[in-house]
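# Chain and residue survey
Residue-level listing of the chains:
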Amino acid sequence: MSEEFEIRNKVAESGLVNFDLSTLLPKGERKGIDLKDFLFQEMILKEKDFREKVEAINVEEYSDCYVYIYNSVDTIIPLWAYFVLTAKITDVTKKIVFGNREDLEVLLMHNAIQTYDFEDMRGKRVLVKGCSDKEIPENAYIELVEQLKPLVKSLMFGEACSNVPIVKN
């Protein structure tokens, strides 16, 4: 093939580093525990009943899972109840948080970004992938910029064919 008709991958030749934030998402099942299921008539926490229901939990159901504990009814839950429930399942879970699924994902991505070694991106042109088939919390993009801004030569968001410049050092 003559050089004038040679097909070249200009993106690969550009030295651009593509980074997909979804690769940092911790793998594992997510499960929620609704405290209303541990309440008397879904309204009142009776200590004896609560402890019996917690004791009846099959901990293997939460093995190697990321768990979020929430309360879907408008009732006051004493803090010790979270202690009791967490103590029951903490030995088999990967992580437990209070809040909804989104709160769990924000925390998991925070931990992943804070512990990831971005050093190989130092001084490089980095393109953060804009589309993902996985849901990424918006906060993760904010934290990613905090980590990458002091390291990279330039930071962009989107796809190679259509990106938005964010930072140029």
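All residue numbers refer to positions counted from 1 along the written sequence of the respective chain. In keeping with the model being predicted, local features are shown solely for residues with a pLDDT of at least 70 and side-chain atom pairs are shown and tallied solely at 80 or more, while totals for entire chains, interfaces and linings include all residues. As a rule here, side-chain values come from all non-hydrogen atoms in the structure, and water together with hydrogens is ignored.

With that settled, consider helix H3 (residues 79–89). Burial classification: accessible surface area is computed with a 1.4 Å probe over protein chains only, and a residue below 20% of its type maximum counts as buried, one above 50% as exposed, and the rest as partly exposed. Helix and strand labels come from DSSP, where a helix needs a run of H or I of at least four residues and a strand needs a run of E of at least two; each type is numbered from the N terminus. All of the buried residues in H3 are Ala81, Tyr82, Val84, Leu85 and Ile89. Projection of H3 onto a plane perpendicular to its axis shows the buried side chains occupying an angular sector of 160°, all on one side. Across from the buried face of H3, at angles greater than 90 degrees, the exposed residues are Leu79, Phe83 and Ala87. What makes two residues a contact is simply this: any of their non-hydrogen atoms within 4.5 Å. Among the structural elements, strand S2 (30–34), helix H2 (47–55), strand S3 (66–70) and strand S4 (95–98) are those in contact with the buried residues of H3. Arc, as used here, means the arc of the directions from the helix axis to the C-beta atoms.

Moving on, we come to the sheet that holds S4. At least two bridges found by DSSP between two strands are what make those strands a pair. Spatially, S2-S3-S4 is the arrangement adopted by the three strands of the open sheet, whose pairing is parallel. For this open sheet the edge positions go to S2 and S4, each flanked by a neighbour on one side alone. Here the strands of the sheet are splayed against their neighbours by 20° on average, with no regard to which way each runs. The pairing of S3 with S4 spans four bridges and is classified as parallel. Residue pairing for S4: Val67 is matched across the bridge by Ile96. Sitting on the sheet, H3 is in contact with S2, S3 and S4, with an inclination near 160° to S3. Only the stretch in contact is used when fitting a helix axis, every axis being a line fitted to C-alpha atoms; angles between N-to-C directions are given from 0 to 180 degrees.

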